[in-house]
Amino acid sequence: MPAATETIPLSGTQSPSEIEKFCTGIADAARDRRYSLQVMELKKLKDDIDQRIKRLEEKRAEYESWMKRRETFLAKAEDNVVKIYASMKPDAAAERLAELNVKLAAGILMKLDSRKAGVILNEMNSKAAATLTGIMVSAARREDPS
């Protein structure tokens, strides 16, 4: 057998210096591999976060579009309701507004022409008219009433 071939002894027969040499010899490669694995994991996490942000941005844009459509619809519906009450006879409008939620009724009255609103309030019983007037005044204040 040629003497040039050297066999590596099995565990337990290696000297501490050989083990240290082996460990220090592979430390840089192990560190580089660990770093590479961490970089790949961070890249995956970054890609996942980027996709989530993209989906959130799409949802936000969809929500904003929906809100604009909703506000447009509500404004048109509100204008139509105000026009309906404006075209009603004052006694009929007063009767209907007295049955509504007071905040809603006050909102409608505030959108009406002041003369028309005054005539409608005049047709209401005094307690309902006072309640609505109080809400309308509170809503018209510039500062917080509380």
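None of these values were measured; they are calculated from a predicted model.

Definitions and limits used
- Residues numbered from 1 in each chain as written.
- Predicted model: local features only at pLDDT ≥ 70, side-chain atom pairs only at ≥ 80, totals over all residues.
- Heavy atoms only, no water.
- pLDDT = per-residue confidence, 0-100.
- Contact = heavy atoms within 4.5 Å.
- Salt bridge = Lys/Arg side-chain N within 4 Å of Asp/Glu carboxyl O.
- Helix = DSSP H or I, 4+ residues; strand = E, 2+ residues; numbered from the N terminus.
- Buried < 20%, exposed > 50% of the residue type's maximum accessible area, 1.4 Å probe, protein only.
- Arc of directions from axis to C-beta.
- Polar contact = N/O pair within 3.5 Å; in protein donor to acceptor, adjacent residues only side chain to side chain.
- Axes fitted to C-alpha atoms, helices over the stretch in contact; angles between N-to-C directions.
- Parallel < 35°, antiparallel > 145°, perpendicular 65-115°, else oblique.
- Left-handed = near helix turned anticlockwise from the far one by under 90°.
- Nonpolar A, V, L, I, M, F, W, Y, C, P; charged D, E, K, R; others polar.
- Core = buried A, V, L, I, M, F, W, Y, C linked by side-chain atoms within 4.5 Å.
- 1 Å grid on protein atoms, 1.4 Å probe; cavity = no way out; pocket = protein on both sides within 12 Å on 5 of 7 lines; lining within 4 Å.
- Points joined across faces, edges and corners; volume = space filled by probe spheres on them.

Counting all residues, the mean pLDDT for the protein is 84, and 86% of those residues have values of 70 or more. Scored below 50 in pLDDT, residues 1-5 shows zero contacts in the model against residues more than four places distant or in partner chains.

Moving on: the pattern of salt bridges. A complete count under the given rule lists seven salt bridges for this structure. A salt bridge links Lys43 to Asp47; the shortest N-O distance between them is 3.3 Å. Remark: Asp47 and Lys43 occur in helix H1 (residues 16-87); sequence separation between them is four residues, near one turn of the helix. A residue is classified by how much of its surface remains accessible, and Lys43, at 52% relative accessible area, is exposed. When the shortest N-O distance is used, the salt bridge between Lys111 and Glu78 registers 2.6 Å.

Every buried residue of helix H3 (residues 102-111) is accounted for by Ala105, Ala106, Ile108 and Leu109. Looking down the long axis of H3, one finds its buried residues gathered within 160° of arc, a one-sided arrangement. With a side-chain oxygen positioned 2.7 Å from the backbone nitrogen of Lys103, the residue opening H3 is Asn101.

Our focus in this paragraph is the packing of H3 against helix H5 (residues 126-140). The axes of two packed helices give the description: the angle between them and the distance between them. Running from N to C, H3 and H5 point in directions that differ by 70°, and their axes come no closer than 9 Å. When the axes of H3 and H5 are compared, the pair comes out roughly perpendicular. Where H3 crosses over H5, the handedness of that crossing is right-handed. Within the contact between the two elements, H3 uses Val102, Lys103, Ala105, Ala106, Leu109 and Met110 and H5 uses Thr131, Leu132, Ile135, Met136 and Ala139. Classifying every residue of the contact of H3 with H5 gives nine nonpolar, one polar and one charged.

Among the nonpolar cores identified, the biggest contains 19 residues, and Leu97, Leu109, Ile120, Met124 and Leu132 are the most heavily contacted of them. Contributions of two or more residues to this core are made by H1, helix H2 (90-99), H3, helix H4 (114-123) and H5.

Attention now moves to the environment of Ala105. Mapped onto the secondary structure, Ala105 falls in helix H3. Classification of Ala105 as buried rests on a relative accessible area of 0%. Considering only alpha carbons, one finds Ala105 and Ile135, 30 residues apart in sequence, at a separation of 9.6 Å. The residues touching Ala105, leaving out its near neighbours within four places in the chain, are Leu97, Leu100 and Leu132.

A volume near 150 Å³ is recorded for the largest pocket. Taken together, Leu74, Glu78, Val81, Val82, Lys103, Leu104, Gly107, Ile108 and Lys111 form the lining of the largest pocket. Within the residue set of the lining of the largest pocket, elements represented by two or more residues are H1 and H3. Examining the composition of the lining of the largest pocket, we find that five residues originate from one element, H3, more than from any other. For the lining of the largest pocket, the per-class residue count stands at five nonpolar, one polar and three charged.

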